[in-house]
Amino acid sequence: MYKRQPLTAAATSALGAATLVAGAAHHLDLPEIPPHAERVRLGSLDLAARRIAAHRGTAVVLADGDPGFFGVVRTLRAPEHGLEVEVVPAVSNVAAAFARAGMPWDDAQIVVAHPRTLRRAVNVCRAHPKVAVLTSPGAGPAELALLLEGVHRTFVICEELGTAREQVTVLTSDKAADHLWRDPNVVIVIGGAAAPDGGRGTWIAGRDPGGTGGRGWAQPLPADPAAPASAGDAEQLRALQLARTGPRTGDLVWDIGSGSGAFATDAARFGAAVIAIDTDRAACARTDAAARRAGVHVQVVHGHAPQVLERLPEPDVVRIGSGGAPVVTACTDRRPQRIVAHASTRDEAEAIGAALTAGGYTVTCALLQSVELDPVGWAERERSVVFLLSGTRADHVP
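All values derive from a computational prediction rather than experimental measurement.

Visitor: Sorry, what's going on with the packing of helix H8 (residues 235-245) against helix H9 (residues 262-269) here?
Guide: The axes of two packed helices give the description: the angle between them and the distance between them. Look at H8 against H9: their axes get within 11 Å of each other, and the N-to-C directions meet at 45°. The angle between H8 and H9 places the two elements in the oblique class. Regarding H8 and H9, the two cross each other, and that crossing is right-handed. Seen from H8, the contacting residues are Arg238, Gln241, Leu242 and Thr245; seen from H9, they are Ala262, Phe263, Asp266 and Ala267. Looking at side-chain class alone, the contact of H8 with H9 contains 4 nonpolar, 2 polar and 2 charged residues.

This is the structure:
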């Protein structure tokens, strides 16, 4: 049942027969609650569920929005409580927010932001062009905006939906931290890469899990005579780096020494937020162009590692394409879950491995040799040899 909206006939009938009513403080003030009914304020849902299970009578739980959409139904249906649940839904906060904004939302990502999950919610906003954020105290529009520093987005902030004080505000993300916002609110975050279908809609809610830019990943790069050859751009190495790091929605990836932008683009296609760093402005331009071709968003930063890393937000995984052991040490200080790097010589590989170990990471190293063959004459075209090192944080359980 949606707070302060008129109750439906089914909801009114259920509430009128209740001998126990559970809900937030504003729910328990509803005049439709029978005066004789026991009232339970929802704090711990598990505790309330146990009270309901022990109650002899008819219990009704009041919840904002659709209780089956990031709501109480999941907890109430947990096997340990043994409850039979009949759901009387109302319009969800997300549906109401997009209706007020006059926007479709079948192509939107939807996340819940609590103080403990705020960073991952922000990473989704970095990576995807349309995100609805269900906020909470301490993880609202201002906090979203502060963590999005350096990334331009448009916020549609819907406060107190369904009430007489309902208000919809549209502003840029850099202005959101300057205001106080009323709870509850939903923030629609718009920006980043354009939808791959040109905004015509898709066959599945959210973003197509198949990604953009065609099938597959770690594909051969298009010929670019202006780009210097680099072992880090080899598709076989990139494929293993992606396998070792496992970028996913909610992650923030650093790609240090992005070069062609191939790894950064592939990581973004997996749904991760990506910051690509390079000292070469031409490489930064190539990375930006590669991301645009693929229809994904990559934040490109020009600068020298490790100095430039100090002002960047905390990463979940890091790929180091250049900089060697000093950059590895700077990255281990930020405690990402996984780090991958490569080296062209054994001495360089040993130095990188020692830096990872000293930083508290469990290290694996493989010597990769790949040979490209001409499928017409089966003659050897090119041979490459590289050391791949990966570090997993010792205190992190995969």
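Visitor: I tried to follow the side chain of glutamine 299 on my own but got confused; where do I start?
Guide: Tracing the sequence through the fold places glutamine 299 in strand E11 (residues 299-302). A relative accessible area of 16% means that glutamine 299 is categorised as buried. Side chain to side chain, glutamine 299 and arginine 126 meet in a polar contact 2.8 Å long. Among residues more than four places away in sequence, those in contact with glutamine 299 are Arg126, Gly150, Val151, Val274, Ile275 and Ala276.

Visitor: Please explain a nonpolar patch on the surface as it appears in this structure.
Guide: Judged by side-chain polarity, Val371, Leu373 and Trp378 come together as a nonpolar surface patch covering roughly 310 Å² of accessible area. You can see leucine 373 is positioned in strand E14 (residues 361-373). By relative accessible area, which is 41% here, leucine 373 ends up partly exposed.

Visitor: Teacher, can you tell me more about the pattern of salt bridges here?
Guide: Any two side chains of opposite charge can pair, given that their charged atoms come close. The final tally for this structure, using the stated rule, is 19 salt bridges. Of the charged contacts in the structure, one is a salt bridge between arginine 119 and aspartate 316, with a shortest N-O distance of 2.6 Å. With a gap of 197 residues between them, arginine 119 in helix H5 (residues 118-127) and aspartate 316 in the loop between E11 and strand E12 (317-320) connect regions that are remote in the sequence. One salt bridge in this structure joins glutamate 160 and arginine 182, with 2.5 Å as the shortest N-O distance. In this pair, glutamate 160 is assigned in the loop between strand E6 (154-159) and strand E7 (167-172) and arginine 182 in the loop between helix H7 (173-176) and strand E8 (185-190), connecting sequence segments 22 residues apart. When salt bridges that share partners are traced, they join Arg119, Arg120, Arg248, Asp251 and Asp316 into one network.

What counts, and at which threshold
- Here the residue numbers are simple positions, counted from 1 along each chain's written sequence.
- Totals for whole chains, interfaces and linings use all residues, but because this is a predicted model, local features are given only for residues with pLDDT of at least 70 and pairs of side-chain atoms are given and counted only at 80 or more.
- With hydrogens and water excluded, all non-hydrogen atoms of the structure serve as input to the side-chain values.
- All axes are obtained by fitting lines to C-alpha atoms, using only the stretch in contact for helices, and the reported angles, taken between N-to-C directions, cover 0 to 180 degrees.
- Here a strand is any run of E in DSSP of at least two residues, a helix any run of H or I of at least four, and the numbering for each starts at the N terminus.
- Roughly parallel here means an angle under 35 degrees, roughly antiparallel means over 145, roughly perpendicular means 65 to 115, and every remaining angle is called oblique.
- By convention, the crossing between two helices is left-handed when the near helix turns anticlockwise from the far helix through less than a right angle, and right-handed when the turn is clockwise.
- In this description, contact between two residues means that some pair of their heavy atoms is separated by no more than 4.5 Å.
- Charged means Asp, Glu, Lys or Arg here, nonpolar means Ala, Val, Leu, Ile, Met, Phe, Trp, Tyr, Cys or Pro, and polar covers whatever is left, Gly included.
- Note on classification: 1.4 Å probe, protein chains only; a residue is buried when its accessible area is under 20% of the maximum for its type, exposed when over 50%, partly exposed between these limits.
- Two N or O atoms count as a polar contact when they lie within 3.5 Å, although within protein this holds only if one can serve as hydrogen donor and the other as acceptor, and sequence-adjacent residues are included solely when both atoms are side-chain atoms.
- To count toward a patch, a residue needs a relative accessible area above 30% and no salt bridge. Like charges then connect within 9 Å, nonpolar side chains (Val, Leu, Ile, Met, Phe, Trp, Tyr) within 5 Å.
- The protein chains shown are the only cover counted for residues, whose accessible areas, like all others here, come from Shrake-Rupley with a 1.4 Å probe.
- Note on definitions: salt bridges are taken to be side-chain nitrogens of Lys or Arg within 4 Å of carboxyl oxygens of Asp or Glu.

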